[in-house]
Amino acid sequence: MTGVTACATMTNMSETITRHQTQSAAHIELTEGYAAHNYHPLRVVLAKGEGAWVTDVEGNRYLDCLAGYSALNFGHGHPRLLARAHQQIDTLTLTSRAFYNDQLGPFARDLAALTGKEMILPMNSGAEAVETAIKVSRKWGYLTKGVPESQATIVAMEGNFHGRTTTIVSFSTDPDATKDYAPFTPGFRLVPYGDIEALRSAIDDTTVAVLLEPIQGEGGVIIPPEGFLQDVRTLCNSTNTLMVADEIQSGLARTGKTFACDHEDVVPDIYVLGKALGGGLYPVSAIAADVDVLGVITPGTHGSTFGGNPLAAAIGHEVVAMLQTGEFQERAASLGAYLADGLQSMVGSGFEAVRTRGLWAGIDIDPAIATGRHVTEALLGHGVLAKEAHGQTVRLAPPLVATEEDLDVLVGAFRAVITTLA
Ligand SMILES: *Cc1c(COP(=O)(O)O)cnc(C)c1O
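Residues numbered from 1 in each chain as written. Predicted model: local features only at pLDDT ≥ 70, side-chain atom pairs only at ≥ 80, totals over all residues. Heavy atoms only, no water.

A look at the overall build of the protein
Moving on, step 1. A count of helices and strands for the protein gives 13 helices and 15 strands.
Moving on, step 2. In the protein, buried positions account for 52% of the 422 residues.
Moving on, step 3. Contacts in the protein between residues far apart in sequence, at least 24 positions, make up 72% of those at least 6 positions apart.
Moving on, step 4. Per element, the accessible surface of the protein, about 18,900 Å² overall, is 55% carbon and sulfur.
Moving on, step 5. Of the side-chain charges in the protein, 28 are positive and 47 negative, and the distance between the mean point of each set is 3 Å. (Helix = DSSP H or I, 4+ residues; strand = E, 2+ residues; numbered from the N terminus. Buried < 20%, exposed > 50% of the residue type's maximum accessible area, 1.4 Å probe, protein only. Contact = heavy atoms within 4.5 Å. Areas by Shrake-Rupley, 256 points an atom, 1.4 Å probe, with all protein chains shown as cover. Lys, Arg positive; Asp, Glu negative; His and termini not counted. Charge placed at Lys NZ, Arg CZ, Asp CG, Glu CD.)

Structure representation (structure tokens):
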């Protein structure tokens, strides 16, 4: 009897594994066959997520250390966000801005308060928010600064990542982002990230804005030299130029403070927000600024069918409420210090350098050992999902709901991978 049962169980198990592996391969084949190849995913097919952990179609669990490039700061399916979204999806989802809805006002008021600004302009994707900041800056330049018609310039930083529209890639320095997409939008100048003297030289009477990430996320979690953000603020003040901070990836608690600019007590003229603003449930983005800047926008001059819709506003409002307590900022700071300790021990034996701010790390892998891609592939085998940034850099951004035990898993996986590859 026992033997028969054991035998049947074994057969079932092997059938299960075979079927699931087939499923996984089938999903990859379907995706590669019918969806354009604009990404190069790791070979894992995810089916479920909860908190900091995800499960693939074969039932394997992984610690999600990419967290949707920081869109999942609150983890997968945070109960508060799910409850608010379910409630709103059953009530009212889309009105268009042709009418008012009862969700946008409270969201706008509280997001404005969180940023310390007077107004917001809601959009959907991060790139749309960046586009909005560009348009607002130019319009402010013509109407307020007195820049001659069509002459406005914006200074951006080398190594930037601000999204994928044709205008935004016009000032990208990443050849993958620009090749064969010309002609590009004029009106942008580039300076090396962190070089205040180059920035000073690039600003003239036509300059309406300096656009920067306070930490370059896609660039490899690059932290500018101490004092740079303050110097940019001072320079923008003295030249009557808007300081535009793209906090889409760095903002909303990731670095241990609400905004990465807070680390230097700097307040930009325009905050650009996205990713975590949608709680990982929905695309929600916005810019925040005072009335002397955002007031240049008048009816019919900018818009989006989905921007500020009631579902987005409800989710965004809950995100803002969760950030108001400071709990997630504190978690990011303390967990980040814990993670930094674990990672620093591998500098010199597998890692060339580790940069951290809050629960956000860029790890430069020793090229003698492996590429960033090889390391992320090996981490997958140890139950950790991460993504290489540029070439040798692995970027870590675990959900802020992760525990110290989760981070032990992450550091342990890294140690195992480094030991195997070295
Ligand atoms: C992700 C990102 C964007 C673009 O956001 P999308 O939602 O992908 O359009 C812009 N800026 C920064 C800093 C980002 O990390």
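Description of the environment of threonine 91
Moving on, step 1. Relative to the helices and strands, threonine 91 resides in the loop between α2 (79-89) and α3 (104-115).
Moving on, step 2. Look at threonine 91 and you get exposed, because its relative accessible area is 59%.
Moving on, step 3. Between the alpha carbons of threonine 91 and leucine 311 there is a distance of 9.0 Å; along the sequence they are 220 residues apart.

Concerning the site of the ligand
Moving on, step 1. Taken together, Ser125, Gly126, Ala127, Phe161, His162, Gly163, Glu213, Asp246, Ile248, Gln249 and Lys275 make up the full set of residues near the ligand.
Moving on, step 2. At 2.8 Å, a backbone N or O of alanine 127 approaches an oxygen atom of the ligand.
Moving on, step 3. Measuring from an oxygen atom of the ligand, one finds a side-chain N or O atom of glutamine 249 at 2.7 Å.
Moving on, step 4. Protein burial of the ligand: of its 380 Å² of free accessible surface, 80% is covered by the chains. (Near = heavy atom within 4 Å. Polar contact = N/O pair within 3.5 Å; in protein donor to acceptor, adjacent residues only side chain to side chain.)

A word on the side chain of glutamine 329
Moving on, step 1. Along the polypeptide, glutamine 329 turns up in helix α11 (residues 327-344).
Moving on, step 2. When its relative accessible area of 6% is taken as the criterion, glutamine 329 is described as buried.
Moving on, step 3. Only 2.9 Å separates the side chain of glutamine 329 from the side chain of threonine 258, close enough to count as a polar contact.
Moving on, step 4. Setting aside its immediate chain neighbours within four residues, glutamine 329 contacts Ala253, Gly256, Lys257, Thr258 and Leu323.

Remarks on the pattern of salt bridges
Moving on, step 1. Enumeration over the complete set of coordinates arrives at 11 salt bridges.
Moving on, step 2. Between arginine 189 and aspartate 204 there is a salt bridge; the shortest N-O distance is 3.0 Å. Residue arginine 189 is found in strand β6 (residues 188-191), and its partner aspartate 204 is found in the loop between α7 (196-202) and β7 (207-212); the two are separated by 15 residues along the sequence.
Moving on, step 3. Look at aspartate 204 and you get partly exposed, because its relative accessible area is 33%.
Moving on, step 4. Glutamate 388 is the salt-bridge partner of arginine 373, the closest N and O atoms lying 3.6 Å from each other. Of this pair, arginine 373 sits in helix α12 (residues 372-381) while glutamate 388 sits in strand β14 (residues 387-388); the two residues are 15 residues apart in sequence, bridging distant segments of the chain. (Salt bridge = Lys/Arg side-chain N within 4 Å of Asp/Glu carboxyl O.)

Overview of the domain arrangement of the protein
Moving on, step 1. Per the domain assignment, the segments making up the protein are domain 1 (79-325) and domain 2 (326-386 + 401-422).
Moving on, step 2. Inter-centroid distance (C-alpha atoms) of domain 1 to domain 2 is 29 Å.
Moving on, step 3. Both sides together, the interface formed by domain 1 and domain 2 hides about 1,500 Å², and carbon and sulfur atoms give 62% of it.
Moving on, step 4. Viewed at the interface, domain 2 and domain 1 are joined by 0 salt bridges.
Moving on, step 5. At the boundary of domain 1 with domain 2, the tally comes to 8 residue pairs in polar contact (both at pLDDT 80 or more).
Moving on, step 6. Among the residues forming the side of domain 1 that touches domain 2, the class breakdown is 7 nonpolar, 10 polar and 2 charged. (Domains from an automatic or database assignment. Buried area = accessible area lost by both parts, 1.4 Å probe. Nonpolar A, V, L, I, M, F, W, Y, C, P; charged D, E, K, R; others polar.)

Notes on α12
Moving on, step 1. For α12, the complete set of buried residues consists of Gly372, Arg373, Val375, Thr376, Leu379 and Leu380. End-on view of α12: buried residues confined to an arc of 160°, all on one side of the axis.
Moving on, step 2. On the buried face of α12, the contacting elements are β3 (61-64), β12 (361-365), β13 (384-385), β14, β15 (393-396) and α13 (404-421). (Arc of directions from axis to C-beta.)

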